[in-house]
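Topology and contacts: notes
In case you want the letters, here they are:
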Amino acid sequence: MTKLETRDWVETLPSAFLNYQNGRRIEEVECVIPDLSGMSRGKAMPFYKFSPDATFFLPVSLFYQTISGDYVDMDIKNQWMESDMVLRPDMATASAVPWADDATLQVINDLETREGAPIEFAPRNVLKRVLGLYADQGWSAIVAPELEFYLIKPNIDPNEPIEPPIGRTGRRGAGRQAYSMVAVDEYGPVIDTIYDYAEAQGLTIDTVIQEGGAGQIEINMLHGDPLSLADQVFYFKRAIREAALKNGTFATFMAKPMRDEPGSAMHIHQSVVDQKTGENIFSGPDGEPTQEFHNFIGGSQAHLASVVPLLAPYVNSYRRYTAGMSAPTNLEWASDNRTTGLRIPIAPPSARRVENRVIGIDSNPYLAIAASLACGYLGMKNAIKPRPAAQGEVFGGGATLPENMRDALERFGKDDVIRDVLHEDFCQMFGAIKQAELAEFRREISPWEREHLLLNV
């Protein structure tokens, strides 16, 4: 590649990156992909080795691992040949790595076979598949994620409980201070660093608030294209971790890190627009809810319980599901009611949307958004009617979510309709990985067992 060619594609990089670069020489490029857990994997290389048209490879076996790194034998032909997947850089995702010492570029890649077919179990391709079904109907989905997470005291020993961090006052964070500006200010340096990293990466923050837990923060994002928003969540999680580390704390996206504090969710606001008119199809010309709106809710009620492993992917995820406002365990719906799993926020007709409140922040954003939109799609495609809207608080009764990973995986394995939408190859691999993680967890002896059973039974 000539210097002119290199300069041509560098000059087309997003303005946020060019501002971050500020005339410096790019030293390194990270070609990254989201794995099943939503973490970043890939290859880093000197700048001169990278080109948008270059071909890079990663072994397919990186999808055969559990969260602990163990490999899982599955019913896959020639599984352990570990054939290569082709990386295709999506230059629209080019972004800075602002915590790096030198000017560094990161790019999210799509995954293909050598023949050019999409790798069906790659999370980004799962979401693309669902969005393609919407496009086939002349629809475009719109989403807006809300990210909850904890800032915590650095936890070096996994046997020790997680504790809130020490704030600027020298006191440990206190819970039950939702929306407190004082609580946000307590961790001002971390928040400031998150803002700086977000600006360098071209990530847009809508609002930042203190949630109900000690050291628990929520970042709301602007609505937009689901693939773009999933990419942003993917980038945001890494940036938030790095911002916390720079300031001497940890950031955790574990669903329920502390026993007596609320869990962390990733609520997703969802609407659908007509591709030709750009109008929200959840509202009619008279401003009233449409059949598509009700069918989207109906499909969510019919199928969300089957995709819970994608919304709550670890054994810890189910500790977040406790009866109450902070983490609904039902699939009822109502307007402006935070006790329902499906909440309809107060909004003008043009912004009518469905908020899915049952998704955990520990989920892979590509898979969680894909699963939630798939349920709504099936509702609209098959004209599924919802149950009547809930009246008042919903703390019991109604359709409930599976209470543990075993039950969730059983339901996931039986819903052929949703598995067809997400693709059976993905569903088989994802299910096998989760079954292996569950089996590994069951072998573990917890501190609670040692504390209360060792000498008392």
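Here, the structure is the one placed above.
Described below are features of the structure shown in this document. Only a predicted model underlies this, so the values are computations on that prediction, with no experimental measurement involved.

1. So, the overall build of the chain
- Assigned secondary structure in the chain consists of 13 helices and 14 strands.
- Here the chain has a C-alpha radius of gyration of 22 Å; the compact-globule value for 457 residues is 23 Å, and the two agree.
- For the chain, the residues scored as buried account for 55% of the 457 residues in total.
- A fraction of 70% describes how many contacts in the chain between residues 6 or more apart in sequence connect residues 24 or more apart.
- If you sum the accessible surface of the chain, you get close to 21100 Å²; carbon and sulfur atoms cover 50% of it.
- Each charge class in the chain was averaged separately, 43 positive and 62 negative side chains, and the resulting centres sit 2 Å apart.

2. A few points about the nonpolar core
- Judged by nonpolar contacts, the single largest core of 126 residues is most densely connected at F63, Y134, I194, L422 and F426.
- The greatest single-element share of this core, amounting to 12 residues, is contributed by helix 9 (residues 365-381).
- Contact partners of Y134, with chain neighbours within four places excluded, come to W139, A141, V272, F296, L373, G376, Y377 and M380.

3. Section: the pattern of salt bridges
- Here the structure, examined in full by the defined rule, presents 17 salt bridges.
- Notably, a salt bridge pairs R124 with D90, separated by 2.9 Å at the nearest N-O pair. Residue R124 is found in helix 3 (residues 123-136), and its partner D90 is found in the loop between strand 4 (84-89) and strand 5 (95-96); the two are separated by 34 residues along the sequence.
- Note that R357 is salt-bridged to E355, the shortest N-O span being 3.3 Å.
- Within this structure, D90, D110, R124, K128 and D231 form a network of salt bridges that share partners.

4. Considering the packing of aromatic side chains
- Tallied over the full model, the rule gives 20 aromatic pairs.
- Aromatic side chains W9 and F50 sit 5.5 Å apart centroid to centroid with 70° between the ring planes, which places their arrangement in the edge-to-face category. Separated by 41 residues along the polypeptide, W9 in helix 1 (residues 3-10) and F50 in the loop between strand 2 (40-46) and strand 3 (56-59) bring together distant segments of the chain. Neither W9 nor F50 differs from the other in exposure class; each is buried.
- Taking 6.2 Å as the distance between ring centres and 75° as the angle between the ring planes, the aromatic pair formed by F412 and F430 counts as edge-to-face. Here F412 is found in helix 10 (residues 405-414), whereas its partner F430 is found in helix 12 (residues 424-442), with 18 residues between them in sequence.
- Aromatic rings pair up to connect W9, F47, F50 and F56 into one cluster.
- Note that R419 overlies the ring of F412, its terminal NZ or CZ placed 5.2 Å from the centroid.

5. Details of the pairing of strand 7 (residues 139-152)
- Among the 14 residues of strand 7, 13 are classified as buried, and the element is accordingly described as predominantly covered.
- One ladder, built from 5 bridges, connects strand 7 with strand 9 (residues 216-221); its direction is antiparallel. Residue pairing in the sheet places L147 in a bridge with I219 of strand 9.

6. Focus: the side chain of S317
- Its place among the elements puts S317 in the loop between helix 8 (308-311) and strand 12 (333-335).
- Residue classification places S317 among the buried positions, given a relative accessible area of 1%.
- Look past the residues within four positions of S317 in its chain and what remains in contact with it is A255, A312 and D362.

7. Re the layout of surface pockets
- In this structure, the largest pocket occupies an estimated 2200 Å³ of space.
- P158, I162, M254, K256 and N316 are the residues nearest the centre of the largest pocket, which is lined by 50 residues in total.
- Secondary-structure elements contributing two or more residues to the lining of the largest pocket are helix 6 (226-246), strand 10 (250-252), helix 12 and helix 13 (447-453).
- Looking at the lining of the largest pocket, the element that brings in the most residues is helix 6, giving 6 residues.
- Residue composition of the lining of the largest pocket, by class: 25 nonpolar, 10 polar and 15 charged.
- Along the wall of the second largest pocket there are 35 residues; nearest its centre are E146, E218, H269, R343 and E355.
- Contributions of two or more residues to the lining of the second largest pocket are made by strand 7, strand 8 (205-210), strand 9 and strand 11 (268-274).
- When residues in the lining of the second largest pocket are grouped by element, the largest group, 6 residues, is from strand 7.
- When grouped by side-chain class, the residues that make up the lining of the second largest pocket number 13 nonpolar, 12 polar and 10 charged.

8. Remarks on unusual backbone geometry
- You will see that E82, though not glycine, has its phi angle at about 50°, which is positive.
- Along the chain, E82 turns up in the loop between strand 3 and strand 4.
- A relative accessible area of 36% means that E82 is categorised as partly exposed.
- One non-glycine residue, A383, adopts positive backbone phi at about 50°.
- Tracing the backbone through its elements, the reader meets A383 in the loop between helix 9 and helix 10.
- Residue classification places A383 among the partly exposed positions, given a relative accessible area of 41%.

Definitions and cut-offs
Residues numbered from 1 in each chain as written. Predicted model: local features only at pLDDT ≥ 70, side-chain atom pairs only at ≥ 80, totals over all residues. Heavy atoms only, no water. Helix = DSSP H or I, 4+ residues; strand = E, 2+ residues; numbered from the N terminus. Rg over C-alpha atoms; globule rule 2.2 N^0.38 Å. Buried < 20%, exposed > 50% of the residue type's maximum accessible area, 1.4 Å probe, protein only. Contact = heavy atoms within 4.5 Å. Areas by Shrake-Rupley, 256 points an atom, 1.4 Å probe, with all protein chains shown as cover. Lys, Arg positive; Asp, Glu negative; His and termini not counted. Charge placed at Lys NZ, Arg CZ, Asp CG, Glu CD. Core = buried A, V, L, I, M, F, W, Y, C linked by side-chain atoms within 4.5 Å. Salt bridge = Lys/Arg side-chain N within 4 Å of Asp/Glu carboxyl O. Phe/Tyr/Trp six-rings, centres within 6.5 Å; stacked < 30°, edge-to-face > 60°. Lys NZ or Arg CZ within 6 Å of the ring centre and 35° of its normal. Pairing = 2+ DSSP bridges. 1 Å grid on protein atoms, 1.4 Å probe; cavity = no way out; pocket = protein on both sides within 12 Å on 5 of 7 lines; lining within 4 Å. Points joined across faces, edges and corners; volume = space filled by probe spheres on them. Nonpolar A, V, L, I, M, F, W, Y, C, P; charged D, E, K, R; others polar.

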